[in-house]
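What follows is each chain in one-letter form.
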Amino acid sequence: VLDLDNTLWGGVIGEAGLGGIEVGDDYPGSAYRDFQQAVRALRDRGILLAVASRNDEPEAREALDRHPGMVLRWEDFAATEIHWQDKAASLRRIAESLRIGLDGLAFYDDDPVQRESIRSQLPAVTVIDVPVDPLLRSASLLECEAFDRVAATDEDRQRAALYERERQREHARRESTSLAEFLTQLGIRATAGDVDSATLPRVAQLINKTNQFNLTAHRYTEAELQVQLDSGAIGIWLRVTDRFGDYGLVGAAFVLPGRGGEWRIDNFVLSCRILGRQVETALLAEVARRVQEAGGQGLAGEYVPTARNSAAADFFASHGFEPQDGRWVWVFTRGGIEAPATVSLDAIPAEVGAIE
């Protein structure tokens, strides 16, 4: 989450105007241009960008859209809060709009008073110390531990584009007269397949990073998930597209064989950006189909509450599972589980894999 004046460019746009701010080939503008290139490098790795600036939005947008020295443009930002209100409130709204926790935000602002304000009001946010000398800022950003990663998946690298398409969907939702009309117009298509070596890294990432729609909060390494697969577990990934584009690989489930033909749902996760689209029902339907195909007699699962997964609290009850000894059970003598009419669900053979 970036400030603008004297952070993304030199000077104050409201005072200097479009031609008076510093960003470009000559110092000190070159230092700000280099900083923007460092920011862009983070975006290319899948780090979302946002703006929290005390400014007039039309002037700020004009600078990003029209200044010839800019490396970053308006469309590079997944969320913008440009006004004269408190920045702590801006960060809360940014987190809410992106459906992430405050602990997923890193704040970069040249003003030490603003940094201290965020530290005191929002202790979960990572506040990055900003050098006074703009020549040192690129290094301060790229060396920040908040952005350290072992590896980036294809979904990471495409994340900014994914959020841009989500803004288009949100506009379509507001234009629809009902949720059913909106979902029908989206033309949602889900493709499911078996977890394999190509999809395991993304599936492991989903399991370990998903908080809101995560039934059990069981966390596993890739190696541990592979052990489950080798021991007979069914691992399923789900990729989703609609008329606006590809959401990516956004869902995963691991189901373990048990006694008496009952299989246990050990992990069932869905990315927050697909919530509310009935895709969770499509994934559950595919889990049930695969378990039946494997000779299973029923499914059992549990909801383990955490501080952040209340969105999944009524999942089993709302899908007709029956409570039994602290678990939720579905017996296949009742039949299978149907995918929703608003989602076209396809399953592909294991050897094909997910197209990344």
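Going by the structure above, here's the rest.
Let me sum up the structure you'll find in this document.

Conventions used here
Residues numbered from 1 in each chain as written. Predicted model: local features only at pLDDT ≥ 70, side-chain atom pairs only at ≥ 80, totals over all residues. Heavy atoms only, no water. Salt bridge = Lys/Arg side-chain N within 4 Å of Asp/Glu carboxyl O. Buried < 20%, exposed > 50% of the residue type's maximum accessible area, 1.4 Å probe, protein only. Helix = DSSP H or I, 4+ residues; strand = E, 2+ residues; numbered from the N terminus. Polar contact = N/O pair within 3.5 Å; in protein donor to acceptor, adjacent residues only side chain to side chain. Contact = heavy atoms within 4.5 Å. Arc of directions from axis to C-beta.

1. Section: the pattern of salt bridges
Thought 1: Tallying each qualifying case throughout the model produces 22 salt bridges.
Thought 2: The partner of aspartate 34 in a salt bridge is arginine 33, with the nearest N and O atoms 3.3 Å apart.
Thought 3: Classification of aspartate 34 as partly exposed rests on a relative accessible area of 31%.
Thought 4: A salt bridge links aspartate 242 to arginine 169; the shortest N-O distance between them is 2.6 Å. Separated by 73 residues along the polypeptide, aspartate 242 in strand 7 (residues 234-242) and arginine 169 in helix 8 (residues 159-175) bring together distant segments of the chain.
Thought 5: Aspartate 242 gets classed as buried once you look at its relative accessible area, which sits at 9%.

2. Looking at the side chain of threonine 210
Thought 1: Position of threonine 210 relative to the elements: it lies in the loop between helix 10 (200-209) and strand 6 (213-214).
Thought 2: Classification of threonine 210 as buried rests on a relative accessible area of 9%.
Thought 3: At 2.6 Å, the side chain of threonine 210 forms a polar contact with the backbone oxygen of leucine 206.
Thought 4: Other than its neighbours up to four places away in sequence, threonine 210 contacts Gln205, Arg219, Val269 and Leu270.

3. Focus: helix 5 (residues 112-121)
Thought 1: Listed as buried for helix 5 are Gln114, Arg115 and Ile118. Mapping the buried residues of helix 5 onto a view down its axis gives an arc of 100°, with all of them on the same face. Those residues of helix 5 that are exposed and angled more than 90 degrees off the buried face are Val113 and Ser120.
Thought 2: Looking at the buried positions of helix 5, the neighbouring elements they touch are strand 1 (50-54), helix 4 (87-98), strand 3 (106-107) and strand 4 (126-127).
Thought 3: Regarding helix 5, its N-cap is aspartate 111, as a side-chain oxygen of that residue lies 2.9 Å from the backbone nitrogen of valine 113 further along.

4. Some words on the side chain of arginine 169
Thought 1: The class for arginine 169 is buried, based on a relative accessible area of 1%.
Thought 2: What arginine 169 contacts, discounting residues up to four positions off in sequence, is Leu162, Phe182, Leu186, Asp242, Phe244, Gly245, Asp246, Tyr247 and Arg277.

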